[in-house]
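# Geometric and topological summary
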Amino acid sequence: MSENAITRRSFLAGSAGVAAVAAAGFTGFGAWQQAHADEEAGTGRTDAVHTLCNACSSKCGYTAYVVDGKLTKLIGDENNPNAEGHLCARGYGYSQIAYSKDRLTDPLKKNAQGKFEAITWDQAYAEIGEKVKAIIAENGPEAIGLVQDPRPSGSYYCNRFIAALGSPNTYTHGAACNLSKASGITQAIGTGDWVSDVANSQMTMFIGRSYCDGIRPSQVAALERAHENGAYIVMVDPRCNNSTVFADEWVPITPGTDLALVLAMSNVLIKNHLYDAEFVAANSVGFDDWAVAIEGCTPAWAEQLTGIPANTIESLAARFAEAAPAASIEPSWRGAYGCAYANSGETARAVALFNTLLGCWNQPGGALLTSGISAGKLDDPRFAAPPKVEAKKLGSEEYPLASASMGSAVYAGEMAKTGALKGMFFYYSNMAVGYSNPAYLADALSNLELMVVCDVQMSETAMLADYVLPETSYLERSELPEFGGGRVPYVALRSQVLDVIHPNTRSCDQIFTELAEACGVGEYFQFTQDELAEAQLNTVGLTLEGLRQVGTVQFPDKAFVYGKQPTFNTPAKKVQFTSEACAKAGLSPCPVWIEPQDPVGEGEYRLVGGKQAIMTHTQTANVPELMNIAEEYGLMRPWISVADAEALGIKDNDEIVVENDLHSGTSKVRVTERISPGVVYLPSHYGCTSPEQHTAYGKGLRIMDYVPFHIEPAYGSTMSQNTTVRIKKVGA
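All values derive from a computational prediction rather than experimental measurement.

## Quick word on the overall build of the protein
The number of helices and strands found in the protein is 25 helices and 29 strands. Against the globule reference of 27 Å for 732 residues, the protein gives a C-alpha radius of gyration of 25 Å, in line with a compact fold. In the protein, buried positions account for 60% of the 732 residues. Relative to all contacts within the protein whose residues are 6 or more apart in sequence, the contacts with residues 24 or more apart total 75%. Counting only carbon and sulfur atoms, one obtains 50% of the accessible surface of the protein, whose full area is about 26,400 Å². Taking the average place of the 54 positive charges on the side chains of the protein and the average place of its 81 negative ones, the gap between the two points comes to 1 Å.

## Section: the pairing of strand S10 (residues 203–207)
With five of its five residues buried, S10 lies for the most part within the structure. A two-sided burial pattern is seen for S10, the buried positions comprising Met203, Met205 and Ile207 on one face and Thr204 and Phe206 on the other. Judged from the five bridges that link them, S10 and strand S11 (residues 232–236) form a sheet pairing that is parallel. Looking at S11, one finds that methionine 203 is bridged to tyrosine 232. Where the polypeptide runs from S10 across helix H9 (residues 217–228) and back to S11, its parallel neighbour, the crossover connection is right-handed.

## Regarding unusual backbone geometry
In this structure, the amide linkage connecting alanine 324 to the following residue, proline 325, adopts the cis form with an omega of 5°. With respect to the helices and strands, proline 325 occurs in the loop between helix H14 (310–323) and strand S14 (327–329). Residue lysine 59 is not a glycine yet carries a positive backbone phi of 55°. The topology assignment puts lysine 59 in the loop between strand S2 (46–52) and strand S3 (61–67). Residues other than glycine seldom take positive phi values, yet histidine 273 does so here, at roughly 55°. The residue histidine 273 is located in the loop between helix H10 (258–271) and helix H11 (277–283) in this model. Assessed through its relative accessible area of 65%, histidine 273 is described here as exposed.

## Remarks on the sheet that holds strand S19 (residues 482–484)
Read across the sheet, three strands follow the order S19-S20-S21 without closing on themselves; strand pairing throughout is antiparallel. In this open sheet, the two edge strands, each paired with only one partner strand, are S19 and strand S21 (552–554). Sheet twist, expressed as the average angle between the axes of neighbouring strands with direction ignored, equals 15°. Pairing between S19 and strand S20 (residues 490–492): three bridges, direction antiparallel. Note on S20: the bridge partner recorded for glycine 484 is tyrosine 490.

## A look at the packing of aromatic side chains
Applying the stated criterion across every chain yields a total of 24 aromatic pairs. When the ring of tyrosine 94 is compared with that of tyrosine 474, the centres are 5.9 Å apart and the planes differ by 5°; the resulting orientation is stacked. With tyrosine 94 in helix H5 (residues 89–94) and tyrosine 474 in the loop between strand S18 (467–470) and S19, this residue pair connects regions lying 380 residues apart in the sequence. For tyrosine 94, a relative accessible area of 2% corresponds to the buried category. Arranged with centres 5.4 Å apart and planes meeting at 80°, the rings of phenylalanine 287 and phenylalanine 577 form a pair that is edge-to-face. Placement of phenylalanine 287 in helix H12 (residues 287–293) and of phenylalanine 577 in the loop between strand S22 (575–576) and helix H23 (580–584) is noted, with a sequence separation of 290 residues between them.

## Comments concerning the sheet that holds S10
Within the open sheet, the four strands sit side by side as S12-S11-S10-S14. Their pairing is parallel. Each of the sheet's edge strands pairs with one partner strand only, and the pair in question is strand S12 (249–251) and S14. Across the sheet, the mean angle from the axis of one strand to that of its neighbour is 15°, orientation sign disregarded. This element, H10, spans S10, S11 and S14 of the sheet and lies at about 150° to S10.

## Looking at helix H24 (residues 624–632)
Taken together, the buried positions of H24 are occupied by Leu626, Met627 and Ala630. Seen from one end, H24 has its buried residues packed into an arc of 95°, which puts them on one side. Residues of H24 that are buried make contact with H5. Residue glycine 634 follows H24 closely and has a positive phi angle near 65°.

## Things to note about the confidence of the model for the protein
When pLDDT is averaged along the protein, the result is 93; 94% of the residues meet or exceed 70. Between residues 1–42, whose pLDDT stays under 50, and residues either more than four places distant or in other chains, the model counts 82 contacts.

## Side note on the pattern of salt bridges
The tally for this structure, following the rule as stated, stands at 26 salt bridges. A salt bridge links glutamate 514 to arginine 506, with the nearest nitrogen and oxygen atoms 2.8 Å apart. Judged by its relative accessible area of 22%, glutamate 514 falls in the partly exposed class. Salt bridges here are not isolated pairs; linked through shared partners, they connect Glu471, Arg477, Glu479 and Arg494.

## Examining the packing of H10 against helix H15 (residues 344–358)
Orientation of H10 relative to H15, taken along the N-to-C sense of each, is 25°, at an axis distance of 9 Å. By the criterion of interaxial angle, the relationship of H10 to H15 is roughly parallel. In the packing of H10 onto H15, the handedness of the crossing is left-handed. Here Asp258, Leu259, Val262, Leu263, Met265, Ser266, Leu269 and Ile270 of H10 come into contact with H15, specifically with Glu346, Thr347, Ala350, Val351, Phe354, Leu357 and Leu358.

## With respect to H10
With 14 residues, H10 extends 20 Å from end C-alpha to end C-alpha; this agrees with the ideal 20 Å at 1.5 Å per step. Of all 14 residues making up H10, 13 are buried, and the element is well covered by its neighbours. One or two residues past the end of H10 sits histidine 273, with phi positive at roughly 55°.

## Focus: the nonpolar core
By size, the foremost hydrophobic cluster in this structure holds 80 residues, and its most contacted members are Ile128, Phe161, Phe425, Leu469, Phe512 and Leu515. Once residues lying within four places of it in the same chain are set aside, the contact partners of phenylalanine 161 are Leu146, Phe425, Phe512, Leu515, Ala516, Cys519 and Phe525. Leu263, Ile270, Ala336 and Val351 belong to the second-largest nonpolar core, a separate cluster that totals 58 residues.

Rules of the game
Residues numbered from 1 in each chain as written. Predicted model: local features only at pLDDT ≥ 70, side-chain atom pairs only at ≥ 80, totals over all residues. Heavy atoms only, no water. Helix = DSSP H or I, 4+ residues; strand = E, 2+ residues; numbered from the N terminus. Rg over C-alpha atoms; globule rule 2.2 N^0.38 Å. Buried < 20%, exposed > 50% of the residue type's maximum accessible area, 1.4 Å probe, protein only. Contact = heavy atoms within 4.5 Å. Areas by Shrake-Rupley, 256 points an atom, 1.4 Å probe, with all protein chains shown as cover. Lys, Arg positive; Asp, Glu negative; His and termini not counted. Charge placed at Lys NZ, Arg CZ, Asp CG, Glu CD. Pairing = 2+ DSSP bridges. Right-handed = clockwise from strand over helix to strand, strands pointing away. Axes fitted to C-alpha atoms, helices over the stretch in contact; angles between N-to-C directions. Phe/Tyr/Trp six-rings, centres within 6.5 Å; stacked < 30°, edge-to-face > 60°. Arc of directions from axis to C-beta. pLDDT = per-residue confidence, 0-100. Salt bridge = Lys/Arg side-chain N within 4 Å of Asp/Glu carboxyl O. Parallel < 35°, antiparallel > 145°, perpendicular 65-115°, else oblique. Left-handed = near helix turned anticlockwise from the far one by under 90°. Expected span 1.5 Å × (residues − 1). Core = buried A, V, L, I, M, F, W, Y, C linked by side-chain atoms within 4.5 Å.

Here it is as structure tokens:
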């Protein structure tokens, strides 16, 4: 059992010695008794460990209860601001990845016949190190790149490893997630996000975002409180998503036209003098230019693009003005304008500017620019950063508005195809099928001289690799502290819950430390993860052992305060209705209408994706407990509208063909009033093509198969919903 475990005795006696426990809201003794039911019955010893979920990027905190080394219960930590005492179905289900029969258990090398064979870690490191050195010697360190899905240890060790090699080319999954959203918002207000104060609002609009599908328990609770408090909740989405149960109004919209809606509502506020003119005058630049630029963006104009009646647009804008400043458009994420269309970044920019018209920044019920906390400077020379890399990240010039910390991973794929990148590492990333067109990326990545994947299961990306390095599951390792922002900043910790199940798997900190040694840059990794974690925590007044005991510590002295003057970290130090950087990137200085995609041809339907509450993209589909739910309730089915079904002679559960020039596949269909006519919704979690994922393999359709390889101008995102399909009944 992990040394970080909290036994029954330490819960009763030891916790009293940790000053932060009472204030941190440690799991109550009632929950402890519940978890100890088996122990009380004499069946074994129960241990408890505070840790963080890894089913999605929310990383909710929970207490894991283990009986004789076997995980038995998960109870959300009340003090963790993402969990607030709860976990979602994905959190429970994904915990079973530790016991999956499809776990990677040994390092693998692809042989001359294209088959994987098990090798030793020493052989893997030696051969990878030799190839990395050869690539750098011939092409320079800029020919090496890495893509990762950020987690605390993964982010630190991946970035440090690539920097130590002398390469600038580290990328996150952002290009297929929230790159456009964060980058567009940054151009307007100087930071990539805000928190809508949903629970205290009088009105909140969600555009393509569903708290009840992309679940973070605390957000669902806030939405429920808003509903109970009488807030006016609006869901703008071509799909009637599951959050609509808390909404007052569902506004179906033509996919990709959210920008037109926001511009038209902004036009109404400006034309009718319903905006906060005093706030705008004091806190912004370029307003007059934008007001002129969108004079023609009337509700009648927007109706033709969005399919939303002009009087509805007028009504929504007027209601916003009445509710302001206790109102905002929620910042959204992937679904609508995170990475979806050719206008996604500009949509994000326009949404931030609309909230500025409301004067809602930092107001109760409005849009909050909250505080955060981070580790301070580490004086120990062991933790000194590698020498600064002078070369520019590939894609930084081609997509100058892309967040520097994310970069455009899809452009990195293009660079693999051209040969500019010779070697690539992938940590916890299924880029090959999740980021853009799989056929294009498979061809591009096959051009690499070296491809190394670190994962817990054989993903489609791993299938393409030269070497596959097996990581422990998240339950079998500790990680660096998670420094989080929000209404109250916090630090949380993933502690090891289970002993390592497969002895030849290793944690990411160990893997990248040993890779660094093999590549000749081991001098930058002369410390343990615990030593680094201790040093980071000491800078904010915590200790590693103390945080292990409570899981999450909040910092109420740094809590957000309503009404404080917003800080806008733009070049102008104010909200930028016009952006010089956008103009230099070839866009309008202020956000104006941009067509989202090519016109929809006769017999074609716009294709949209979206999350389900039980799945996280391709990550969770191989969990039997979750796939069983999907199969039982037909959650893999594409949705089409009743009107479209009747026109095509299709009935619910009929087998249909979904096709375009890139791909064709068959599936049973869901016919429903919960989708706009002219739209096909395809959940984004299915269609696995890795035979080694026995639960997920061959089930459902994969949305990215239908999406061309293309990149959003200036922003660098994948334009993941910028495509159309045709549908017909099988046999028709």
